[in-house]
Amino acid sequence: MDTSNPAILVNGNLLPTHVRKRVRTVIQVLNSDRGSVIGKSTDDQQLVIKGSPPSTPLTKFVEVIGIADSDKSIQAEIWTNFGDNFDASSFNQLCQLANGEYQHLFL
């Protein structure tokens with residue numbers, strides 16, 4: 001695993017604290033067009049994912065790694081389909097741990 005350029009785990013509420021940093025999150029895809037995807041974060045925030053999604057169809061839940069370019073948008077570098085079932089509550093708990101007292105374990 002490449003650890004030279006880590007991405008911070010975020011949900012919608014944590015994204016504004018990491019603008020201009022490399023982040024990773026999971027969204028539920030709401031709408032997709034050629035240059036962006038509108039998604040709902042696991043804590044029910046609407047996010048805009050900029051950049052062209054992969055040529056394969058997106059599943060309901062997608063992990064995105066990229067640069068947070070505003071408090072509600074990410075410029076995507078990597079897209080990973082996570083399927084049609086995803087435990088949003090567990091991911092939110094993971095985001096809290098990764099940005100709290102256990103941050104040193106994640107970066």
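Residues numbered from 1 in each chain as written. Predicted model: local features only at pLDDT ≥ 70, side-chain atom pairs only at ≥ 80, totals over all residues. Heavy atoms only, no water.

**Q** I keep staring at the overall build of the protein chain and nothing clicks. Help me out?
**A** Per the secondary structure count, the protein chain includes one helix and six strands. Along the chain direction, N to C, the helices and strands of the protein chain fall in the order β-β-β-β-β-β-α. What you see for the protein chain is a C-alpha radius of gyration of 13 Å, in line with the 13 Å of a compact globule of 107 residues. Over its C-alpha atoms, taken along the principal directions, the protein chain stretches across nearly 40 × 30 × 25 Å. The buried share of the protein chain, reckoned over its 107 residues, is 37%. Of the contacts made within the protein chain by residues no fewer than 6 positions apart, 52% connect residues no fewer than 24 positions apart. Surface summary for the protein chain: the accessible area is close to 6100 Å², and the carbon and sulfur share equals 49%. (Helix = DSSP H or I, 4+ residues; strand = E, 2+ residues; numbered from the N terminus. Rg over C-alpha atoms; globule rule 2.2 N^0.38 Å. Buried < 20%, exposed > 50% of the residue type's maximum accessible area, 1.4 Å probe, protein only. Contact = heavy atoms within 4.5 Å. Areas by Shrake-Rupley, 256 points an atom, 1.4 Å probe, with all protein chains shown as cover.)

**Q** Help me understand the nonpolar core in this model?
**A** Of all hydrophobic cores here, the largest spans 21 residues; its most connected members are Leu15, Val23, Ile49, Val64 and Trp79. Among the secondary structure elements, those contributing two or more residues to this core are β1 (8-9), β2 (22-32), β4 (46-50), β5 (61-70), β6 (73-81) and α1 (88-98). Broken down by element, this core gets its largest block of residues, four residues, from β5. Those residues in contact with valine 64 that lie beyond four places of it in its chain are Val23, Arg24, Thr25, Ile49, Ile74, Ala76, Ile78 and Trp79. (Core = buried A, V, L, I, M, F, W, Y, C linked by side-chain atoms within 4.5 Å.)

**Q** How should the pairing of β6 be read in this particular structure?
**A** Walk down a regular strand and you will see the side chains alternate between the two sheet faces. Alignment of β4 against β6, held across three bridges, turns out to be parallel. By the bridge assignment, lysine 50 is partnered in β6 with glutamine 75. The sheet contact formed by β5 and β6 spans eight bridges and is antiparallel. Paired with serine 70 across the bridge in β6 is serine 73. Remark: two residues form the turn of the hairpin made by β5 and β6, two consecutive strands paired antiparallel. (Pairing = 2+ DSSP bridges.)

**Q** Teacher, can you tell me more about the environment of valine 48 here?
**A** Mapping valine 48 onto the fold places it in strand β4. Not counting residues within four places of it along the chain, the set of residues in contact with valine 48 comprises Ser36, Val37, Ile38, Lys72, Ser73 and Ile74.

**Q** Looking at this structure, how should I read the pairing of strand β3 (residues 36-41)?
**A** The sheet contact formed by β2 and β3 spans five bridges and is antiparallel. Bridge assignment links glutamine 28 to a residue of β3, and that residue is lysine 40. What sits between β2 and β3 in their antiparallel hairpin is a turn of three residues. The pairing of β3 with β4 spans five bridges and is antiparallel. Directly across from serine 36, in β4, lies its bridge partner lysine 50. Counted along the chain from β3 to the antiparallel partner β4, the turn is four residues long, and its residue aspartate 44 has a positive phi close to 70°.

None of the figures reported here should be taken as evidence of function without further support.
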